[in-house]
Amino acid sequence: MPHTLASLVNHSALKLTVLAGEERLDVPVRWAHASELIDPVPYMEGGELLLVTALKLDAEDAEATRTYVRRVAGAGVVGLGFAVGVNYEGVPDALVEAARQENLPLLGVPRKTPFIAISKAVSAAVAADQYRAVTAGFEAQRELTRAALGPDGPAELLARLAAHLDGWAALYDASGAVVAAAPDWAARRAARLSDDVGRLRERPAPASSVVSDTDGDDRVELQSLGTGRRARGVLAVGTGAPLGTAERYAVHSAVALLTLTTERSRALQDAEQRLGAAVLKMLLAGEPEHARAVAGRLYGGLLDAPFRVVIAEPVAPDDDAPAPRTAAEAPAVLDALADAMDSAAARTGEAVLAVPDTGRLSVLVAAGGAAEDACSAYAAVVEARSGTQPRGRGRSARTEAAAGAEGLAVGLSAPTGPAAAAHAHRQAQQALSVARRRGRALVEHEDVAAGSVLPLLADDAVRAFADGLLRALRDHDATGRGDLVESLRAWLSRHGQWDAAAADLGVHRHTLRYRMRRVEEILGRSLDDADVRMELWLALKATSTPPGE
């Protein structure tokens, strides 16, 4: 308990008397300080018991006394101690009245009680309070350490921390999802803080914040976990009042223990990632049995059921910026996507094989599972942020916070098995290429296979080729010597049927034959060649397709 004016008054050796402010004796005293300055305010920090003999103050002057008391009370001084029998035989009435008007406790200090005795009493009480806080903090640290090393790990740690704080505690993972809370009802309270947690996670660890606008009556403090550039988790604690010294020690201990846990988990994840890279390499090399043997229990369940291959790459805002060369240079959008899929899979017990490599992320996820849904939801947020129509499944506020300003392109294969993993990987790459070309955040291979090839002709390089191939014919038509381009289009659309194409154009078939010979002469290519006919048809379609379609 903090030392108060009441405890000083009750100190038998000091023999202090209360002359004013009786109802405010429960105010904590941070220090006792003696000063005879007419204006001691510049030297006060607040919370002091100010001891005076009125050596320079005319304590019988009502106006001067009111001004003095008003200033020290406004500076946060919690009480005045007046030495009786030093400069005044008693306590002047003007000083008592001024203290009552400001509701400032005024204590009479007998001549036999030196100021230093009061200062020593306050100092001893402050030291004792600090010792109790440190002792309680160390005890809490030992208790939290035992909990962290126990079978329940972070969950038990949160329960002990909440009990020590007489409040609640919650743990968020790297994606911002609540993974544990104590008591159980705190999970609902913690879920409402997802936006605040998202903002804290954007800051380099370690970082902390106090949530001021909360839905409850508690005071919520957030602490990030981790030692790297990105937070590996967030600890939230809610209490009815600001944290004291002992409570602060407990929270700091919990942060340290949870950081050790998350960093240890990260080291384990790095090892799993290297194992996953080896499994993926074997699958792509057409060695599914070897991949199964290496995957073991960690990834074996994933390979026993249909899975999908996900390939994701960052998209620079201007798309002219160079792609990252290494996984370490990959932007946060890939890290956030991986965190979202990992967290979703962890909640349902799914296995996820994620391999970051040269600025891209390759992932094997269970077909139709939670990780696939999380990928779709994250991509939908990125598309919505870029202004395109999202196609993903339901998304949460936490997912909204996770998706940064960086763009993203994701290709998703059809469901497959280990024997066809290499083919599925090519499908995901093809879908990724289409996603980048169309400016989409996510494209599934089924959409590419079921759609038309014509949207692929909107590429600038294809249009340039088409314009070059048809330029000579368009130049010819511009002179008014015939309509070769439209005649060629009609003839190709009718698969070389002269009568049908001529009827479409409203000309005689001999006229159409003449025009096709002129096309061959101008282009220097034979229309009997199927490849030539294909190129010309695609060129016509490319130049007739508006950009962006």
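That block above? That's the structure.
Everything numeric here is computed off the predicted structure, so don't read it as measured data.

**Q** What exactly am I supposed to notice about the nonpolar core here?
**A** One recurring pattern in soluble globular proteins: nonpolar side chains tend to sit buried together. Ranked by size, the top nonpolar core spans 27 residues in total, and within it Leu-337, Met-341, Leu-361, Val-363, Leu-408 and Val-410 carry the most contacts. If we ignore the near neighbours within four places in the chain, the residues touching Leu-408 are Ala-312, Glu-313, Val-315, Val-333, Leu-334, Leu-337, Tyr-378, Val-382, Arg-440 and Ala-441. In terms of nonpolar packing, the next biggest core, distinct from the first, is built from 24 residues, Leu-353, Val-355, Ala-409 and Ala-435 among them.

**Q** Which parts of the structure should I look at to understand the sheet that holds strand β3 (residues 48-52)?
**A** Remark on secondary structure: sheet strands pair via backbone hydrogen bonds, oriented parallel or antiparallel. Pairing is mixed in the open sheet, where five strands are placed in the order β1-β5-β4-β3-β2. Sheet topology places β1 (17-20) and β2 (31-34) at the edges, where each strand pairs with a single neighbour. Between one strand axis and the next, the sheet turns through 30° on average, direction left out of account. Taken together, the three bridges between β1 and strand β5 (residues 106-109) define a ladder with antiparallel strand orientation.

**Q** What is the right way to read the pairing of strand β14 (residues 407-412) from this model?
**A** The two faces of the sheet receive side chains in turn, since in a regular strand these alternate between them. Burial analysis of β14 places six of its six residues in the buried class, the great majority of the element. The side-chain alternation of β14 yields two buried faces, one formed by Gly-407, Ala-409 and Gly-411 and the other by Leu-408, Val-410 and Leu-412. Bridge count for strand β11 (residues 307-315) against β14 is six bridges, and the pairing is antiparallel. What sits directly across from Ile-311, in β14, is Gly-411. Strand direction decides the pairing type here: β14 and strand β15 (residues 442-444), joined by three bridges, are parallel. If you follow Val-410 over to β15, its bridge partner there is Leu-442.

**Q** Hey, could you run me through empty space enclosed by the protein in this one?
**A** The method is simple in principle: a probe with the dimensions of a water molecule rolls over the atoms, and the space it marks as empty is what remains. Scanning the model with the defined rule gives two cavities of 30 Å³ or more in all. Reported here for the largest cavity is a volume of approximately 40 Å³. Along the walls of the largest cavity sit Ser-35, Glu-36, Leu-37, Ile-38, Val-52, Ala-54, Leu-55, Leu-57 and Tyr-68, which together make up its complete lining. Residue classes in the lining of the largest cavity are distributed as seven nonpolar, one polar and one charged.

**Q** Can you walk me through the packing of aromatic side chains in this structure?
**A** The way to describe two aromatic rings as a pair is by their centre distance and the angle between their planes. A complete count under the given rule lists two aromatic pairs for this structure. Their ring planes at 50° and their centres at 6.1 Å tell us that Phe-82 and Tyr-88 sit as a pair that is tilted. Residue class for Phe-82 comes out buried when judged on its relative accessible area of 1%. A relative accessible area of 15% means that Tyr-88 is categorised as buried. Relative to Trp-498, the ring of Trp-491 lies with its centre 5.5 Å away and its plane at 40°, an arrangement referred to as tilted. With relative accessibility at 8%, the residue Trp-491 sits in the buried group.

**Q** When you look at the sheet that holds β11 in this model, what are you seeing that I'm missing?
**A** Ordered in space as β12-β13-β11-β14-β15, the five strands form an open sheet in which the pairing is mixed. Looking at which strands have only one partner, the edges of the open sheet turn out to be β12 (353-357) and β15. Pairwise comparison of adjacent strand axes, ignoring direction, gives a mean angle of 15° for this sheet. Together, β11, β12 and β13 (360-366) form the strand contacts of helix α9 (residues 288-303), whose direction differs from that of β13 by roughly 70°. Across the sheet, helix α10 (residues 332-348) is in contact with β11, β13 and β14; its angle to β13 comes to roughly 10°.

**Q** I would appreciate a short explanation of helix α18 (residues 509-523) in the present structure.
**A** Side chains of residues three or four places apart in an α-helix project in the same direction, reflecting 3.6 residues per turn. Relative to the 21 Å expected for 15 residues at 1.5 Å per residue, α18 spans 21 Å between its end C-alpha atoms, a close match to the ideal helical length. Within the span of α18, buried status applies to Leu-512, Arg-515, Met-516, Val-519 and Leu-523. Looking straight down α18, one finds that the buried residues subtend no more than 100° of arc, so they occupy a single side. Backbone geometry just downstream of α18 places Gly-524 in the positive-phi region, at approximately 70°.

Analysis parameters
- Residues numbered from 1 in each chain as written.
- Predicted model: local features only at pLDDT ≥ 70, side-chain atom pairs only at ≥ 80, totals over all residues.
- Heavy atoms only, no water.
- Core = buried A, V, L, I, M, F, W, Y, C linked by side-chain atoms within 4.5 Å.
- Buried < 20%, exposed > 50% of the residue type's maximum accessible area, 1.4 Å probe, protein only.
- Contact = heavy atoms within 4.5 Å.
- Pairing = 2+ DSSP bridges.
- Helix = DSSP H or I, 4+ residues; strand = E, 2+ residues; numbered from the N terminus.
- Axes fitted to C-alpha atoms, helices over the stretch in contact; angles between N-to-C directions.
- 1 Å grid on protein atoms, 1.4 Å probe; cavity = no way out; pocket = protein on both sides within 12 Å on 5 of 7 lines; lining within 4 Å.
- Points joined across faces, edges and corners; volume = space filled by probe spheres on them.
- Nonpolar A, V, L, I, M, F, W, Y, C, P; charged D, E, K, R; others polar.
- Phe/Tyr/Trp six-rings, centres within 6.5 Å; stacked < 30°, edge-to-face > 60°.
- Expected span 1.5 Å × (residues − 1).
- Arc of directions from axis to C-beta.

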